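# Coordinate analysis (summary)
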Number of protein chains: 2
Amino acid sequence: MLAALLDGTVISPQQSAIHIDDRGLLYGDGVFETMSLQNGKLRFLNDHLRRMQHGCKRLGIVMPDTELLINELQQLTHNADRGIVKLIITRGRGGRGYRASQCVATRLMQLFEPVELVTGLTVRWCATRLARNEALAGIKHLNRLEQVLAQSEWDDATINEGLMLDTEGELISGTMSNVFMVVDDVLVTPDLRFSGVQGVMRGNILHTAVELSITVEQRAVHPEELLSATEVFMTNAVRGIQPVVALLPSSIAGRQWDIGALTMKLMDNLAQEH
Amino acid sequence: MLAALLDGTVISPQQSAIHIDDRGLLYGDGVFETMSLQNGKLRFLNDHLRRMQHGCKRLGIVMPDTELLINELQQLTHNADRGIVKLIITRGRGGRGYRASQCVATRLMQLFEPVELVTGLTVRWCATRLARNEALAGIKHLNRLEQVLAQSEWDDATINEGLMLDTEGELISGTMSNVFMVVDDVLVTPDLRFSGVQGVMRGNILHTAVELSITVEQRAVHPEELLSATEVFMTNAVRGIQPVVALLPSSIAGRQWDIGALTMKLMDNLAQEH
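Scope of this entry: the structure provided in the associated data block. (Residues numbered from 1 in each chain as written. Chains lettered and ligands numbered in written order. Predicted model: local features only at pLDDT ≥ 70, side-chain atom pairs only at ≥ 80, totals over all residues. Heavy atoms only, no water.)

### A few points about the overall build of chain A
Quick reminder of the rule: In this text, helices come from DSSP runs of H or I with a minimum length of four residues, and strands from runs of E with a minimum of two, each type numbered from the N-terminal end. Whether a residue is buried, partly exposed or exposed follows from its accessible area with a 1.4 Å probe, protein chains only, as a fraction of its type maximum: under 20%, in between, or over 50%, in that order. Note on contacts: a residue pair is in contact if any heavy atoms of the two residues lie within 4.5 Å. For every accessible area listed, the method is Shrake-Rupley and the probe measures 1.4 Å; residues are considered covered only by the protein chains on display.
Regarding its fold elements, chain A presents seven helices and 16 strands. Overall, the C-alpha framework of chain A stretches about 50 × 40 × 35 Å when taken along its three principal axes. Out of the 274 residues belonging to chain A, those deemed buried represent 60%. The contacts in chain A between residues at least 6 apart in sequence include a share of 72% that link residues at least 24 apart. Of the accessible surface of chain A, which amounts to about 11,300 Å², a share of 48% is contributed by carbon and sulfur atoms.

### Let's talk about the relation of the copies chain B and chain A
Heads up, the rule is: Least-squares superposition of the copies uses the C-alpha atoms of those residues scoring a pLDDT of at least 70 in each of them.
Least-squares fitting of chain B to chain A yields an RMSD of 0.0 Å, with the superposition described by an axial translation of 0.0 Å and a rotation of 180 degrees. Read as a symmetry element, the transformation amounts to a two-fold axis. The C-alpha atom lying nearest the rotation axis in chain B is that of B:L25; the distance is 2.0 Å.

### A few points about the environment of A:Q53
Residues and elements named next belong to chain A. As for its placement among the helices and strands, Q53 is situated in helix α2 (residues 45–59). The partly exposed category is assigned to Q53, whose relative accessible area is 39%. Sequence-distant contacts of Q53, that is, excluding residues within four places in its chain, are made with M63 and T66.

### Here we look at the interface of chain B and chain A
We apply this condition: Reported buried area values correspond to the accessible surface (1.4 Å probe) lost by two parts on association, with both partners' losses combined. For salt bridges, the criterion is a side-chain nitrogen of Lys or Arg within 4 Å of an Asp or Glu carboxyl oxygen. Classes in brief: Ala, Val, Leu, Ile, Met, Phe, Trp, Tyr, Cys and Pro nonpolar; Asp, Glu, Lys and Arg charged; the others, Gly included, polar. One bridge is not enough; two strands pair if DSSP finds at least two bridges between them.
Contact with chain B, which involves 62 residues of that partner, is made by 62 residues of chain A. Between chain B and chain A the total buried area reaches about 5,000 Å² when both faces are included, carbon and sulfur atoms providing 61% of it. Three residues, B:I20, B:R96 and B:Y98, lead the burial of chain B against chain A; their summed loss comes to 19% of the area buried on that side. Where chain B meets chain A, there are zero salt bridges. Elements with a minimum of two residues in the side of chain B that touches chain A: β3 (16–19), α1 (23–27), β4 (30–38), α2 (45–59), β6 (83–90), β7 (106–112) and α4 (145–151) of chain B. Ranked by the residues each element gives to the side of chain B that touches chain A, the list is headed by α4(B), at six residues. By residue class, the composition of the side of chain B that touches chain A is 28 nonpolar, 17 polar and 17 charged. Sheet analysis places strand β3 (residues 16–19) of chain A next to β3(B), joined by three bridges and oriented antiparallel. Residue A:I18 lies in a different strand from β3(B), and its bridge partner there is B:I18.

### Some details on the sheet that holds strand β6 (residues 83–90) of chain A
Residue and element names in this part refer to chain A. Our working rule: Axis geometry follows a simple rule: fit a line to the C-alpha atoms, using only the stretch in contact for helices, then measure angles between N-to-C directions, giving values from 0 to 180 degrees.
Read across the sheet, six strands follow the order β2-β1-β7-β6-β4-β5 without closing on themselves; strand pairing throughout is antiparallel. A strand with exactly one partner marks an edge of an open sheet, and here the two such strands are β2 (9–11) and β5 (41–42). Where β6 meets strand β7 (residues 106–112), seven bridges bridge the pair, whose relative direction is antiparallel. Bridge pairing in β7 links V85 to L111. Along the sheet face, α2 touches β4 (30–38), β5 and β6 and points at about 180 degrees away from the line of β4.

Here it is as C-alpha cells:
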C-alpha cells in the first residue's frame, strides 16, 4: 500500500486506525470499489460511485456525500500517476448486535501500486460455489468469504483466474471478474439476479455492445456452454478486458482459444475511450 | 463496551486499533464467538473454542493457540463477574486481493454489559432470506449481512426476534438464535446443512435431549409446521433457552403458546448445569 486516507485524515498505510467496533469488521457491513488510476485520473469514477450508491441504498447504509468522496480521493491520489485505489465504505461504528442504529459511515481509501496485466488468461474451475440471495446479488459488499475460499483453491501462479458456479450449477463469474463469451456470434454474459457482482467494466461493455450493434444477452449460462464459445474474456475495472486463452480441464473438458475479433473490437474501443 | 484486548494488549474500548489491511474488515474473513460470563466464568468456553476451531479449519484460518486465548480471556474478564464476551479471530493482515498468504490471525476480545433477558419471546417472520452454501453453513463467520438486513426489518421493541427462512423457503433459525419446536412430542430443530449457525446452546440441547431420552430430530422444517407445534423456543449461548409465546401473523397465520413442559424441563436442566 502506498498511501491511505481514513475519514478525511491521511494515515500511514501501516497504521492501526479502524475502531474495534466498526461494523465493517464485525459483520462485513459495508461496500467497496476498486478503481484504476491512469494518468492521474480515476477511470470510471462516476460509474464506481453510482454502483456504490446503489449498494449502500440496498443495504440501508447512509453513503457519504459524493463531493466529499471525490475530494478525498483527489487528496489521496494527487501525487500519483498510476495505481489502484480501493474505496471502502462501512456502515460505521456500532454496539454489540446485528441491529444498526444511526451510524455514521466510515470511509477508507487506499492507494496501491498498479498491477501487471496479463494479456491471455489461463483459467480453471473453482469448487467453491456462490450462494444465491437476491437481497445481496450484484452488490460489491464486504461479505466476500466465497471469493476468499475460491482463491485458496490453487496456488499455481500460471493460473490467472478461477471460474465460479452458483449453488445451482450455473456459471456466474470469476473470483474477481465478470465473464463474457461469444456463442453463435452473440455476446453472452451471465445474468446476476441471484449472485455475483455487477462489475463496472461489465456495465461498460454492455453499453458499448449496444453502441456497436453487437447482440448481447444477459441470461443463465450453463458451464458447458463455454466449450462451444468461440471467444471468452473476463472483465474487471482495474484489468479491463482480458481474453481467456486456456481453460484447464476438470470434470468439464478443457479448451483453448485464440483472441477473437469481437474481443479485439471491444478492447480497441475501450482503449480509445481512454 | 467495558474492556477490550487486542492481540494480547489491553486497549481502550474507544480505541482505533485495527489495521486498515485486516482481512476481517476487507472481506469479513474471520469467525467469532459470543459468550456469557456468569460468576466470573465463561460458560461453555470449551464448546465455543471447539466451534471456533472447527470454523477456522473449514476456512483455512490458522487459529491461535487455545491456551493463549484462554489466558487472554481471563485477562479480559478477571475483574468482572457478569457480562458478555465477544471473541473475534480474523485471518489477519494481508495485501490487496482475496488471496490469503501466510497470515497471522488477529485476536480481538471485547467485554460488554450483560443483556436483560426476556422470558417469553414475541417473534416475527423476516423477509430477508438466508442463502444456501454448504461451504459456509454452520460456521459463525464474519459475513453477516443477511442478519444485519433481517434485523433492520423492524424497530418495534416489543418484537424480540425474527425468524428466517432460507432461499428455498425452509425455516432455518432466528437472526441471532436457533429455533426448536415440539411437534407430536418430538423435539424438532432445522438441520443446518445449507445455512445457519451451529449454535453452542443448540449443540448443548441436542446432547441434553439424548441424555433425557427426548426424541429429537434435525431435519428440514417447513415454516407452517410452527403453527402445529405445541411448544417453540429459541436458543443462544448468551440468552440460553427462551420460550416463544407469540408469533405475529404475516402471510403465515400468527399463534400464541404457553410455556410447555418439555421447554421447562430443558430450562431446568440448563439451570442445574450451572
